[in-house]
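If you want the building blocks of each chain, they are given just below.
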Amino acid sequence: MIIEIDTTSDDEHTVIHIRDAPNKPGTLRVITTALADLGLNIDKAVVDSAAEDRVSDCFHVKDLSGRKVTEAEDVENIRTCLGMILKAHFQSGGLEMARPDDEQILSSAPKGTDERRKHDLLYSLMDRYLRNDVMSVQESIVNHVEYTMARNRYQFDDFEAYNAAAFSVRDRLIESWNDTQQYFRDKSPKRVYYMSMEFLMGRSFLNSLYNLDIKPQYSEALHQLGYELETLVDKERDAALGNGGLGRLASCFLDSMATMDLPAWGYGIRYQYGMFRQTVTDGFQHEHPDYWLNFGNPWEIERPYITYPVKFYGGVEEEDVDGVKMYKWIGGEEISAVAYDNPVPGWNTPTTINLRLWSAKPAREFDLESFNTGDYVQAILAKQRAETISAVLYPDDRTYQGKELRLKQQYFLASATLQDIIRRYLVNHTTFDEFPEQVALQLNDTHPALGIPELMRLLLDEHKLGWTKSWDITSKVFSFTNHTVLADSLEKWPVDLLERVLPRHMMIIYDINWRFIQELASIVGEDYTRIGRMSIIEEGIESKSVRMAHLALVTCHTVNGVAAVHSELLKTRMFADFHEIMPEKFQNKTNGVTQRRWLAFSNPDLRDLISSKLGGDAWIRELEMLRDLDKYAEDAEFQSQWRAVKHKNKKKLAKFIEEKTGTVVSPDALFDIQVKRIHEYKRQLLNVFSVIHRYNKIKAATPEERKEMVPRVVVIGGKAAPGYDMAKRIIKLVCSVGDKVNNDPDVGDLLKLVFIPDYNVSSAEVIVPAAELSQHISTAGTEASGTSNMKFAMNGCLIIGTMDGSNVEIAEEIGKENMFIFGASAVDVPILRAERARFKPPQEFDAVVEQIRNNAFEWAEFLNPVCDAVHGGADYYLLANDFEDYIRAQELVDQTYKDQAKWTKMSIKSTAGSGKFSSDRTIREYAKDIWGVVPCRRPEPGGNPR
Ligand code: NBG
């Protein structure tokens, strides 16, 4: 494209020629608007589109006072501005594209009828998609500033700019969401519903921009308005509706389901308070409420008309209907579940799926009685309490607590979700015969397992289907994932609590159990201990409880573990009794993570480097393609580019660490990271002990020896459950050791230990790309899978770890020789545990413990319980047993790091070998082996593949 500005040929006008420009719709409008914005009136325009794909236009213009523009500077300004605007327009997706029409109405309403006329009018009013060229984007942002946020369009700050931009992206998400959902309705495929008490979504802005493929336009649009996208991105609050691995997995799954065009929805709870914010002062954790909705949430769509009643308490009435005994639950308390939809766009596809979150509101029907007795205000206040049900996420991810409110939350999710699914199913069905062919329900752990008795209740009591039919349907639609190997994490609800809160459900559970026990007895005979072990009802000494995992095992057609070793443990230990009788139900589905968020978007330099070698970005959808990087693992040129990317990311993290903690760390040191929830089984303590050991070695070394040492920055981050005393003491220990080490002049840059507060999804997006070594060091047989190890490996970070969870499969893919593996195996752990009273810890381990006890890091009294837990025959997680091998592995890390060519080769091989750990692969397996759903992709808008 050429812009020529001629000030001589016309006496009265300046003549602007735009030659050889691409013939793109909307160009003329862009030019005329731009000229008007520059204060130029067009007196004459000659538009020549003789050539099909190129155009030449010519405009005769004057300035606002009616004069020809001749000053060289003004002419230059016009040329630059026009050039920029046109360039942005041509590069962007400014194409107008027709939206699909409603096929059903077109075929059912003949031309000429009123219905058809109305439809044609409605269609013509919105027959195009919103345009994505820079100008249209700016217009929509500024519109939202004024009309959505009611701010002055000349005065809005970064936060308001973020919000307006987010609303403008939301408009585009809604178009895609609507058309996807319409397409699903038309095609009516089998759908899968992912039910989870947690979705740890993180931020949406950048993710949506990338997935809708509109980031360059938004970046440019904002830049021209005086805002930087990178700055605005930080204005978004994380949606932290989850604790850790389990909730983040659910979010990665949504991304993969959307990207793979599955007819899928997520269902969860819209907590008003997400995961608490953690601050650390003087080494002590403080929890702050995360009222993330405070300033509004532009990503959600409130659906005030989609609401369902959810009941609690009350009693059950028996009815005789034509000689058949029927039950009816008369609830004592009723609240409403209101839907909030969160569009989830896929990458490089027109599909946008839905995450529907329920919010609790007072029921709309009011108790007239209290109105009449005059207690109007009290009646309203009582109703208001309904909202507490969805008020707060329980911040303990493991120990089951038996709290009534938690039970109510679980039922709230189960009930609203099943009512919604049944309503959708009944729109185009008159019987339940096809329900199992139309619906798959995945339970993310047992948290939503009350869905089982709830579906039974709805089918039996509301739809009058009878036990056999209801059970047949229920047992065909549900499947369940177990996420733990720790027995005390298994949920058990006291029978008396369930009886009180959900009396009808308790009856149904008893009925399910009674039938199961009959069947079981026919197999195992009079082995009552076995029957007792397997029963859904646990007969405790003082009270009875419902084993939710057993309820799920008995009902679901499939149960899966989340990594190969974990799934084996389920079969051989936790659920061995069940596996023996129903082996066909057991499967493995090794976890995965989305490479979009965790590599392509959060590490753009590495993405570009990888794409440059793999001939494009197809690997962002087919992660196994990364394997091809193996070829370049020893290529010196590629290695140095690879290192340069890592170094840039490390500088960014160093800055982040300084902002968050005040500690200055050198980006030239080895960055060694352990970020995850604080748990004894994850053994952050083992890490700290080795830091103390390293510190001791530095102190004992001569200046010459120090010169040979590899400088290290050890980063630990993670939240402790508020009631988990030991975890909080471990944080204190990390901070105390950090205080000592970081301020010791003998140590300098050789060693730093920092605790990063408030580890969450968005800080992980800065930390993961910068890590060189990451620690996944749980006692073998305790971590079901682990998923952050996959993110780190993808980003070329080496793993130091035990043969636990998914580390085992990572080693298979990447090669053990490219990791630092140490420690006892899962087979040995029970034996070592039994013998630990007789175990003599290595002398260096004892020395570290003694140092803490002797107040080397102060706070000895406070830290003593931490020492007690791992010393003198306690040490349930076998820190002392693994200590020597861990130190050996750490020394190997140092040695290897000195050989940068070798280290970089291992790093490249980590990325190359991580293809298996895409959640796309995991979801493909779930879809095929468990859900029986297939992709359902709507046609590309405008018929052009993106
Ligand atoms: C966690 C496991 C992890 C696993 C994730 C996701 C819970 C209850 N379990 O090992 O501890 O990676 O689930 O499956 O959060």
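Our structure is the block above this text.
Note that the structure is predicted; figures quoted are calculated from it, not measured.

Peer 1: Residue-level account of the sheet that holds strand E17 (residues 478–481), with values.
Peer 2: Hydrogen bonds between backbone groups are what pair the strands of a sheet, and the pairing can be parallel or antiparallel. Ordered in space as E11-E14-E15-E8-E5-E16-E17-E21-E22, the nine strands form an open sheet in which the pairing is mixed. Of all the strands in the sheet, just strand E11 (301–312) and strand E22 (586–588) have a single pairing partner and so form its edges. Taking each pair of neighbouring strands and ignoring which way they run, the sheet shows an average axis angle of 25°. Relative to strand E15 (residues 352–362), strand E8 (residues 264–269) is paired through five bridges, and the arrangement is parallel. Pairing of Trp-265 across the sheet is with Asn-354, part of E15. In the packing of helix H13 (residues 404–427) onto the sheet, the strands contacted are strand E5 (191–195), E8, E11, strand E14 (333–345), E15, strand E16 (439–444) and E17, and the crossing angle to E11 comes to about 115°.

Peer 1: Any details on the site of the ligand? Residues and values, ideally.
Peer 2: Surrounding the ligand, one finds 14 residues, the nearest of these being Arg-398, His-483, Asn-591, Glu-783 and Gly-786. For the ligand, an oxygen atom lies 2.9 Å from a polar atom in the side chain of Asn-591. Interatomic distance of 2.7 Å between a side-chain N/O atom of Glu-783 and an oxygen atom of the ligand. A total of 380 Å² of accessible area belongs to the ligand in isolation, and the protein chains cover 95% of it.

Peer 1: Account for the nonpolar core, with residues named and values stated.
Peer 2: A general tendency of soluble globular proteins is for nonpolar side chains to be buried together. If you look at the biggest cluster of nonpolar residues, it comprises 175 residues, and the most contacted ones within it are Met-257, Phe-435, Leu-629 and Trp-931. The element that contributes the greatest number of residues to this core is H13, accounting for ten residues. Formed by 58 residues, the second largest nonpolar core is a distinct cluster that contains Cys-735, Val-747, Ile-887 and Tyr-897.

Peer 1: How would you sum up the pairing of E14? Please name residues and give values.
Peer 2: Extensive coverage of E14 is indicated by the burial of eleven of its 13 residues. Where E11 meets E14, nine bridges bridge the pair, whose relative direction is antiparallel. Counterpart to Lys-311 in the pairing with E14 is Glu-334. Inspection of the sheet shows E14 paired to E15 by eleven bridges, in the antiparallel sense. In the sheet register, Ala-339 faces E15, and the bridge partner there is Trp-358. Between E14 and the antiparallel strand that follows it, E15, lie six residues; Asn-348 among them carries a positive phi value of about 60°.

Peer 1: Can you lay out the packing of aromatic side chains for me, pointing to particular residues and giving the numbers?
Peer 2: The description of an aromatic ring pair rests on the distance of the ring centres and on the angle between the ring planes. Applying the stated criterion across every chain yields a total of 34 aromatic pairs. Their ring planes at 40° and their centres at 6.3 Å tell us that Trp-177 and Trp-265 sit as a pair that is tilted. Placement of Trp-177 in helix H6 (residues 158–187) and of Trp-265 in strand E8 is noted, with a sequence separation of 88 residues between them. In this structure, Trp-177 and Trp-265 share a single accessibility class: buried. Relative to Trp-471, the ring of Trp-467 has its centre 6.5 Å away and its plane inclined at 15°; by these criteria the two rings are stacked. You can see Trp-467 and its partner Trp-471 sitting in helix H16 (residues 467–477), four residues apart, about one turn around the helix. Three or more aromatic residues joined by ring pairs make a cluster, and in this case those are Trp-177, Tyr-193, Trp-265, Tyr-267, Tyr-308 and Trp-358. Directly above the aromatic system of Phe-312 lies the positively charged group of Lys-408, at a separation of 4.9 Å from the ring centroid. Positioned over the ring face of Phe-862 is Arg-729, at 4.5 Å from the centre of the ring.

Peer 1: Please provide a residue-by-residue account of the side chain of Arg-170, values included.
Peer 2: Looking at where Arg-170 falls in the secondary structure, it is placed in helix H6. No salt bridge is formed by the buried Arg-170, whose closest oppositely charged neighbour, Asp-171, lies at an N-O distance of 5.1 Å. A polar atom in the side chain of Arg-170 sits 2.4 Å from the backbone oxygen of Glu-300. Among residues more than four places away in sequence, those in contact with Arg-170 are Pro-298, Trp-299, Glu-300 and Ile-301.

Peer 1: Explain the pattern of salt bridges to me, using residue names and the numbers behind them.
Peer 2: Counted by the stated rule, this structure contains 64 salt bridges. Salt-bridge contacts for Arg-937 lead to Asp-261; the nearest nitrogen and oxygen are separated by 3.2 Å. Highlighted residues: Arg-937 in the segment after helix H37 (919–931) and Asp-261 in the loop between helix H10 (245–259) and E8, separated in sequence by 676 residues. When its relative accessible area of 32% is taken as the criterion, Arg-937 is described as partly exposed. Two residues, Arg-270 and Glu-300, come together in a salt bridge whose shortest N-O distance is 2.8 Å. Of this pair, Arg-270 sits in the loop between E8 and strand E9 (277–281) while Glu-300 is found in the loop between strand E10 (284–288) and E11, placing the two residues 30 residues apart along the sequence. You can call Arg-270 buried: its relative accessible area is 9%. Through salt bridges with shared partners, one network takes in Arg-303, Asp-341, Arg-356, Asp-420, Arg-423 and Arg-424.

Peer 1: Could you give an account of the sheet that holds strand E28 (residues 820–821), with specific residues and numbers?
Peer 2: With respect to topology, six strands assemble into an open sheet ordered E25-E24-E23-E26-E27-E28, the strand pairing being parallel. Where the open sheet ends on each side, the last strands, each with one partner, are strand E25 (751–756) and E28. Two strands pair when backbone bridges link them, and strand E26 (residues 773–776) and strand E27 (residues 798–801) are joined in this way by four bridges, in the parallel orientation. Counted as the bridge partner of Ser-774 is Ile-799 from E27. Helix-sheet contacts for helix H36 (residues 900–912) involve strand E23 (670–675), E26, E27 and E28, and the interaxial angle to E27 is about 90°.

Peer 1: Before we move on, could you go through a nonpolar patch on the surface and cite the residues and values that matter?
Peer 2: Together, Leu-121, Leu-122, Leu-125 and Met-126 give the surface a local cluster of nonpolar side chains, amounting to about 450 Å² of exposed area. Its location among the elements puts Leu-122 in helix H4 (residues 114–125).

Peer 1: I'd like to hear about the environment of His-286, residue by residue, with values.
Peer 2: Among the secondary structure elements, His-286 is positioned in strand E10. Discounting residues that sit within four places of it in the chain, His-286 has contacts with Arg-277, Gln-278, Thr-279 and Thr-281. A polar contact is formed between the side chain of His-286 and the side chain of Thr-281, at a distance of 3.0 Å.

Peer 1: An account of unusual backbone geometry is requested, with residue identities and associated values reported.
Peer 2: Residue Asp-261 is not a glycine yet carries a positive backbone phi of 60°. Looking at Asp-261, the relative accessible area reads 5%, which means it is buried. The phi torsion at Arg-683 lies on the positive side, around 60°, for a residue other than glycine. Position of Arg-683 relative to the elements: it lies in the loop between E23 and helix H26 (684–700).

Peer 1: Tell me about H6, and name the residues and values.
Peer 2: The end-to-end C-alpha distance of H6 is 43 Å, a good match for the 44 Å that 30 residues give at a rise of 1.5 Å each. Between a side-chain oxygen at the N-terminus of H6 and the backbone nitrogen of Phe-159 the separation is 3.1 Å; the capping residue is Asp-157. Where H6 ends, the next residue or the one after it, Ser-188, has phi of about 45°, a positive value.

Peer 1: Quick one: what's the story with the environment of Leu-599, residue by residue and with numbers?
Peer 2: Summarising the element assignment, Leu-599 is placed in helix H23 (residues 595–601). Between the C-alpha atoms of Leu-599 and Arg-153, which are 446 residues apart in sequence, the distance is 36 Å. Discounting chain neighbours no more than four positions away, the residues touching Leu-599 are Pro-604, Leu-606, Ile-610, Trp-619, Met-794 and Asn-795.

What counts, and where the lines are drawn
- Residues numbered from 1 in each chain as written.
- Predicted model: local features only at pLDDT ≥ 70, side-chain atom pairs only at ≥ 80, totals over all residues.
- Heavy atoms only, no water.
- Pairing = 2+ DSSP bridges.
- Helix = DSSP H or I, 4+ residues; strand = E, 2+ residues; numbered from the N terminus.
- Axes fitted to C-alpha atoms, helices over the stretch in contact; angles between N-to-C directions.
- Contact = heavy atoms within 4.5 Å.
- Near = heavy atom within 4 Å.
- Polar contact = N/O pair within 3.5 Å; in protein donor to acceptor, adjacent residues only side chain to side chain.
- Areas by Shrake-Rupley, 256 points an atom, 1.4 Å probe, with all protein chains shown as cover.
- Core = buried A, V, L, I, M, F, W, Y, C linked by side-chain atoms within 4.5 Å.
- Buried < 20%, exposed > 50% of the residue type's maximum accessible area, 1.4 Å probe, protein only.
- Phe/Tyr/Trp six-rings, centres within 6.5 Å; stacked < 30°, edge-to-face > 60°.
- Lys NZ or Arg CZ within 6 Å of the ring centre and 35° of its normal.
- Lys, Arg positive; Asp, Glu negative; His and termini not counted.
- Salt bridge = Lys/Arg side-chain N within 4 Å of Asp/Glu carboxyl O.
- Patch = residues over 30% accessible without salt bridge, like charges linked within 9 Å, V, L, I, M, F, W, Y side chains within 5 Å.
- Expected span 1.5 Å × (residues − 1).

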